[in-house]
Amino acid sequence: PFHKSKGQHILKNPLLVDSIIQKSGIKSTDVILEIGPGTGNLTKKLLEAGKSVIAVELDPRMVLELQRRFQGTPYSSRLKVIQGDVLKCDLPYFDICVANIPYQISSPLTFKLLSHRPLFRCAVIMFQREFAMRLVAQPGDTLYCRLSVNTQLLARVNHLLKVGRNNFRPPPKVDSSVVRIEPRKPLPPVNFKEWDGLVRICFNRKNKTLGSLFRQKTVLSLLEKNYKTLQALQLTSEDFSDDKEMAECVSALGDTLGDLSMDADEGKDDDEDMEMDDGETKTSDFKHKVLGVLKLGGFEEKRASKLSQADFMHLLSLFNKAGIHFS
Ligand code: SAM
């Protein structure tokens, strides 16, 4: 009866459901967003803990089953079920999101939530273990990647609970983890498009030195193009994007990160399709400028795998001060 393609793995362990509820810190006044309620095992306990639950479910059969389950109970007036794809629908106001989601929407959903306004208090979400470990990874961890850096710019992320595959029916092929995501308030004053542009280049080969990454012809010519465009327009792109613009960038990001957000350098030979420093080219002045910025901040020998949020922030501001932009 369960659709594999919809990621239907039902939570069967009531103790685990209790533990998720307890760790969520739900208040009796909370409007709770649940994504993919399925048969409603989590939904029931969310209704007991909060003021109301809005549940978004793709599968009409599940929607029916859910409505049947709560029909004629005191819960039914506090439950609203929306049938549809959570990635395509407009989300209503909510204080907190608690969900056991289909793993194929992990990345776009995370950034859809983080682009939602007004910002919610926190989201407690079950992810595939590896995705969860990428979300919370710190500089120097093996799984530290563009997903870690971008998520942690916008939110504080904590690993809450390891969940074995046997807690689900049918059991999925992978283990899971519950993660808490708390949006930062206020959000850091960075232009998110620029931020991601820089982070993308740095993590293209996360174990290469920035000095060698920024010597690549493709990188230099991209940056030089931006540089010249801005100069021709005689404007320096704004230091701060407004919140609406930022939300749009954040939301779009989910699609470019992919569901498991594998780094580009995984499985690749380090020097493969890497454009080597080719000495004298017409970009050499500009190259000098770019490398000068790296030297100024002491970044030439650094690698993305070890850089903190503060390092990326500092590097971006040095580039911007030199008129070099990433979007
Ligand atoms: N919450 C239930 C539980 O813990 O027992 C079921 C979780 S199951 C992993 C994921 C649920 O999300 C399924 O009921 C599936 O039909 C639903 N779903 C899949 N894709 C969806 C989407 N794009 N939008 C909303 N719901 C979706």
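Everything that follows concerns the structure shown earlier in this document.
Residues numbered from 1 in each chain as written. Predicted model: local features only at pLDDT ≥ 70, side-chain atom pairs only at ≥ 80, totals over all residues. Heavy atoms only, no water.

(A) Spatial organisation of the packing of helix 11 (residues 284–296) against helix 12 (residues 309–321). Between helix 11 and helix 12, whose axes approach to 10 Å, the crossing angle comes to 140°. By the angle class used here, helix 11 and helix 12 are oblique. For the pair helix 11 and helix 12, the crossing hand works out as right-handed. Along its contact with helix 11, which presents Val290, Val293, Leu294 and Leu296, the element helix 12 presents Leu315, Leu318 and Phe319. Across the contact of helix 11 with helix 12, the residue classes break down as seven nonpolar, no polar and no charged. (Axes fitted to C-alpha atoms, helices over the stretch in contact; angles between N-to-C directions. Helix = DSSP H or I, 4+ residues; strand = E, 2+ residues; numbered from the N terminus. Parallel < 35°, antiparallel > 145°, perpendicular 65-115°, else oblique. Left-handed = near helix turned anticlockwise from the far one by under 90°. Contact = heavy atoms within 4.5 Å. Nonpolar A, V, L, I, M, F, W, Y, C, P; charged D, E, K, R; others polar.)

(B) Representation of the side chain of Asn100 in the model. Secondary-structure assignment places Asn100 in strand 5 (residues 96–100). On the basis of relative accessibility, which here comes to 14%, the residue Asn100 falls in the buried class. At a separation of 3.4 Å, a polar atom in the side chain of Asn100 contacts the main-chain carbonyl oxygen of His9. The residues contacting Asn100, other than those within four sequence positions of it, are His9, Leu11, Ile35, Gly36, Leu42, Met126 and Phe168. (Buried < 20%, exposed > 50% of the residue type's maximum accessible area, 1.4 Å probe, protein only. Polar contact = N/O pair within 3.5 Å; in protein donor to acceptor, adjacent residues only side chain to side chain.)

(C) Layout of the side chain of Ser148. Tracing the backbone shows Ser148 in helix 6 (residues 146–154). Residue classification places Ser148 among the buried residues on the basis of a relative accessible area of 0%. Setting aside anything within four residues of it in sequence, one finds Ser148 in contact with Arg134, Leu135, Ala137, Leu143 and Gln309.

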